[in-house]
Amino acid sequence: MASHYFLERAISVAIYAFISMIFCNQISSSKTNVRKVLFFLTIILSALAYFFQPTESMDLHRLWITADDYNKYPLLEMTTKIFSGWTSPLGLVYVCGISKINHHLLPSLTAFLFYTNITYIVSDYWKKNEISNSSVALVLFLFLSRGVYGEVI
């Protein structure tokens, strides 16, 4: 019988929602430095992505298999094969290079890069336009509730 991982999914969504609410609540307090809180949120989300275990039907699982296939070759031969047969070879070089070190670094580093960019945009806008912390918290909550995290990792 195939497992659908309902319990694991429910627990992970509950953890993500709990973390989101904690950080949004922290940002909404007026004495908080928004940039520091957003950076810490990025670190936490990246750490959670490191421990993510994809099911066999997820793209991340297939990327790990593809990376393993290419990582069997020496570096020069692997690079030649990637650049000769793929339409977006740099993405595959990124996947293979990071997966060669550790498979779990791929979702973690990708989440770190993505959320660093997002939090930089939010904090820069907050600083330049003197937006209230509660508005930043609301925007962050709305963004985090979109479900982008699952797509990123």
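Scroll up to find the structure.
Residues numbered from 1 in each chain as written. Predicted model: local features only at pLDDT ≥ 70, side-chain atom pairs only at ≥ 80, totals over all residues. Heavy atoms only, no water.

(A) Focus on the overall build of the protein. For the protein, the helix and strand inventory stands at 8 helices and 0 strands. Mapped from its N terminus to its C terminus, the protein presents α and β elements in the order α-α-α-α-α-α-α-α. Each of the three principal axes of the protein carries a C-alpha extent, and together these read 55 × 45 × 25 Å. Per-residue burial over the protein gives 33% buried out of 153 residues. Sequence-distant contacts in the protein: of pairs separated by 6 or more residues, those separated by 24 or more amount to 66%. Summing over all exposed atoms, the protein offers an accessible surface of approximately 10000 Å²; the carbon and sulfur share of this is 66%. Taken together, the 11 basic and 9 acidic charged side chains of the protein have centroids lying 10 Å from each other. (Helix = DSSP H or I, 4+ residues; strand = E, 2+ residues; numbered from the N terminus. Buried < 20%, exposed > 50% of the residue type's maximum accessible area, 1.4 Å probe, protein only. Contact = heavy atoms within 4.5 Å. Areas by Shrake-Rupley, 256 points an atom, 1.4 Å probe, with all protein chains shown as cover. Lys, Arg positive; Asp, Glu negative; His and termini not counted. Charge placed at Lys NZ, Arg CZ, Asp CG, Glu CD.)

(B) How the structure looks around the packing of aromatic side chains. Using the criterion set out here, one finds 7 aromatic pairs in the structure. An angle of 45° between the planes, with centres 6.1 Å apart, marks the rings of Tyr115 and Tyr149 as tilted. With Tyr115 in helix H6 (residues 105–129) and Tyr149 in helix H8 (residues 148–152), the pair connects residues that are 34 residues apart, well separated along the chain. The exposure class of Tyr115 is buried, given its relative accessible area of 2%. Judged by relative accessible area, which is 11%, Tyr149 ranks as buried. Cluster of aromatic residues (ring-pair linked, three or more members): Tyr16, Phe114, Tyr115, Phe143 and Tyr149. (Phe/Tyr/Trp six-rings, centres within 6.5 Å; stacked < 30°, edge-to-face > 60°.)

(C) Local environment of the layout of surface pockets. In this structure, the largest pocket encloses a volume near 750 Å³. Lining the largest pocket we find 23 residues, and of these Glu8, Arg9, Ser12, Val13 and Phe52 sit closest to its centre. Going through the elements one at a time, helix H1 (6–28), helix H2 (34–50) and H8 are the ones with two or more residues in the lining of the largest pocket. Of the residues forming the lining of the largest pocket, the biggest block, 7 residues, is contributed by H1. Residue classes in the lining of the largest pocket are distributed as 14 nonpolar, 7 polar and 2 charged. (1 Å grid on protein atoms, 1.4 Å probe; cavity = no way out; pocket = protein on both sides within 12 Å on 5 of 7 lines; lining within 4 Å. Points joined across faces, edges and corners; volume = space filled by probe spheres on them. Nonpolar A, V, L, I, M, F, W, Y, C, P; charged D, E, K, R; others polar.)

(D) Examining H2 more closely. For H2, which comprises 17 residues, the first-to-last C-alpha distance of 24 Å matches the rise-based estimate of 24 Å (1.5 Å per residue) to within 8%. If you check which residues of H2 are buried, you get Val34, Val37, Leu38, Leu41, Thr42, Leu45, Ser46 and Ala49. Looking at the buried positions of H2, the neighbouring elements they touch are H1, H6, helix H7 (133–144) and H8. Between a side-chain oxygen at the N-terminus of H2 and the backbone nitrogen of Arg35 the separation is 3.1 Å; the capping residue is Asn33. (Expected span 1.5 Å × (residues − 1). Polar contact = N/O pair within 3.5 Å; in protein donor to acceptor, adjacent residues only side chain to side chain.)

(E) Quick look at the pattern of salt bridges. For the coordinates displayed, the defined rule picks out 3 salt bridges. A salt bridge links Asp59 to Arg62; its shortest N-O distance comes to 2.4 Å. Of this pair, Asp59 and Arg62 both sit in helix H3 (residues 59–71), 3 residues apart, roughly one helical turn. Under the relative-accessibility criterion, Asp59 is labelled exposed at 53%. (Salt bridge = Lys/Arg side-chain N within 4 Å of Asp/Glu carboxyl O.)

(F) Geometry of the nonpolar core. Residues Ile27, Leu41, Leu45, Tyr115, Leu140, Leu144 and Tyr149 are the most contacted members of the largest nonpolar core, which totals 24 residues. Here the element with the most residues in this core is H2; it accounts for 6 residues. In this structure, Leu144 is in contact with Tyr16, Ser20, Leu41, Leu45 and Tyr115, ignoring residues within four places of it in sequence. Among the nonpolar cores identified, the runner-up in size contains 11 residues, and Trp64, Val95, Cys96 and Ile98 belong to it. (Core = buried A, V, L, I, M, F, W, Y, C linked by side-chain atoms within 4.5 Å.)

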